[in-house]
Amino acid sequence: MYYIVSFLLLISCASTTKTIDNAEKSITIKEEKQTLVIIALTLNEKARTQFELDMQAALLSYDVPAISSRVCFDIAFESYSKLPEKFGEMIRAMDDQGYRNVMITMVADIENIIAEDASNKVLDKIYHLETQLYNLEGNTFFSQWKFCLHILESDLNAQGISYYVKKIVKEMEKDLMITKKQKEGTKIPYTIWML
C-alpha cells in the first residue's frame, strides 16, 4: 500500500495533458457503491473542503453520483510526512465501505518563478495540479483518466479552485466521461463514464 501511495504522490505533469487508458471500463455486477469519491490531497483544509464540495456539485449537476471524501471518513492530513499513512487509511475505509471509484486531486509539483536579476527573488509559484480517476480493487489502483493544469499561486484561491473544477468538468465532457445529455436529464449507462 505504501508503494502505491508513494507512486501517486510522486506523479508529476510536464505539460497540460490528458490521457485515457484503454482499460476495461465495464462494471461487474457486485454489491458495490458506484458513487465516485472525491479526494483532494492537500494540507490546506479550507481548499480541500471547497474543491471537494465544488467538484461534487459539478458532477451531481451531470447526474454523476459523487461525494466528498469527508462523507466517508473524517481524516485530516496533519503533515506531509503523515500523508501516505492517512491516505492509506482513506483507501482502507473506502474498501471497507464498498466504494470502488475515486477521483484524486493533488499538487504534483511546485515551480518557482524567479526574478532574472542578481536578487534571485521568488516572484510567484506555479502549482502543477493533477486530477486522476481510479478504480480500486483491493489495494490495486487502475488509472482511467488524467488531467493536469498549471496555475499561479496567486490564483490558488476560491476563484482559482472554481476555475480548476470547471476545467476538469470541461475535459471530462470532451473525453466523454460525462455528457451534456446527462445534464439535460437523459442518463447514460454507467459503463460510459464510470470506472
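Residues numbered from 1 in each chain as written. Predicted model: local features only at pLDDT ≥ 70, side-chain atom pairs only at ≥ 80, totals over all residues. Heavy atoms only, no water.

Re the environment of K146
With respect to the element layout, K146 can be found in strand β6 (residues 140-152). Classification of K146 as buried rests on a relative accessible area of 18%. A C-alpha to C-alpha distance of 4.3 Å links K146 and Q132, two positions 14 residues apart in sequence. (Helix = DSSP H or I, 4+ residues; strand = E, 2+ residues; numbered from the N terminus. Buried < 20%, exposed > 50% of the residue type's maximum accessible area, 1.4 Å probe, protein only.)

Topic: the pattern of salt bridges
Under the counting rule described, the total for this entry stands at four salt bridges. Across the salt bridge formed by R70 and E45, the nearest N and O atoms sit 2.3 Å from each other. Of this pair, R70 sits in helix α3 (residues 69-72) while E45 sits in helix α2 (residues 45-60), and the two are 25 residues apart along the sequence. Here R70 falls in the partly exposed class, since its relative accessible area comes to 27%. Exposure remark for E45: the relative accessible area of 26% places this residue in the partly exposed category. In this structure, the salt-bridge partner of E52 is R48, at a minimum N-O distance of 3.5 Å. A residue pair is termed a helical-turn pair when its members lie 3 or 4 positions apart in one helix, as E52 and R48 do in helix α2 at four residues. Judged by relative accessible area, R48 falls into the buried class, the value being 0%. Among the charged side chains, a salt-bridge network with shared partners connects E45, R48, E52 and R70. (Salt bridge = Lys/Arg side-chain N within 4 Å of Asp/Glu carboxyl O.)

Things to note about the side chain of N135
Structurally, the position occupied by N135 is in strand β5 (residues 122-137). Relative accessible area serves as the criterion here: at 11%, N135 is assigned to the buried category. Separated by 3.5 Å, the side chains of N135 and N101 make a polar contact. (Polar contact = N/O pair within 3.5 Å; in protein donor to acceptor, adjacent residues only side chain to side chain.)

Comments concerning the packing of α2 against helix α5 (residues 158-174)
For the pair α2 and α5, the least separation of the axes is 10 Å and the interaxial angle reads 35°. Crossing geometry of α2 relative to α5 is assigned as right-handed. In this structure, α2 uses A47, Q50, F51, D54, M55, A58 and L59 to contact α5, whose residues at the interface are A158, I161, S162, Y164, V165, I168, V169 and M172. The class makeup of the residues in the contact of α2 with α5 is 12 nonpolar, two polar and one charged. (Axes fitted to C-alpha atoms, helices over the stretch in contact; angles between N-to-C directions. Left-handed = near helix turned anticlockwise from the far one by under 90°. Contact = heavy atoms within 4.5 Å. Nonpolar A, V, L, I, M, F, W, Y, C, P; charged D, E, K, R; others polar.)

Quick word on the packing of aromatic side chains
Per the stated rule, a full pass over the model turns up three aromatic pairs. Relative to F147, the ring of W145 has its centre 6.2 Å away and its plane inclined at 20°; by these criteria the two rings are stacked. (Phe/Tyr/Trp six-rings, centres within 6.5 Å; stacked < 30°, edge-to-face > 60°.)

Some points on α2
Spanning 16 residues, α2 covers 22 Å between terminal C-alpha atoms, matching the ideal 22 Å at 1.5 Å per step. Of all the positions in α2, only A47, R48, F51, E52, M55, Q56, A58 and L59 are classed as buried. The buried side chains of α2 occupy one side of the element, clustering within an arc of 165° when seen end-on. Of the residues flanking the start of α2, the one acting as N-cap is N44, its side-chain oxygen 3.2 Å from the backbone nitrogen of K46. (Expected span 1.5 Å × (residues − 1). Arc of directions from axis to C-beta.)

A closer look at the nonpolar core
Counting residues in hydrophobic clusters, the biggest one holds 27 residues, and the most contacted among them are F51, M55, L59, M103, I168 and M172. Put simply, the parts of the chain that give this core at least two residues each are β2 (33-41), α2, β5, β6 and α5. Of the residues forming this core, the biggest block, six residues, is contributed by α5. Not counting residues within four places of it along the chain, the set of residues in contact with M55 comprises I38, M103, V165, I168 and V169. With 21 residues, the next largest nonpolar core counts M90, I91, M94 and L136 among its residues. (Core = buried A, V, L, I, M, F, W, Y, C linked by side-chain atoms within 4.5 Å.)

Focus: the environment of L53
Relative to the helices and strands, L53 resides in helix α2. Linking L53 and S68, residues 15 residues apart in sequence, is a C-alpha distance of 6.1 Å.

Things to note about the confidence of the model for the chain
Of all residues in the chain, 74% have pLDDT values of 70 or greater, and the mean over the chain is 75. For the chain, per-element mean pLDDT is lowest for helix α7 (residues 190-193), which scores 36, and highest for strand β3 (residues 66-68), which scores 93. This model gives residues 2-31 a pLDDT under 50, and the stretch forms 66 contacts once residues within four places in sequence are excluded. Between residues 188-195, whose pLDDT stays under 50, and residues either more than four places distant or in other chains, the model counts 28 contacts. (pLDDT = per-residue confidence, 0-100.)

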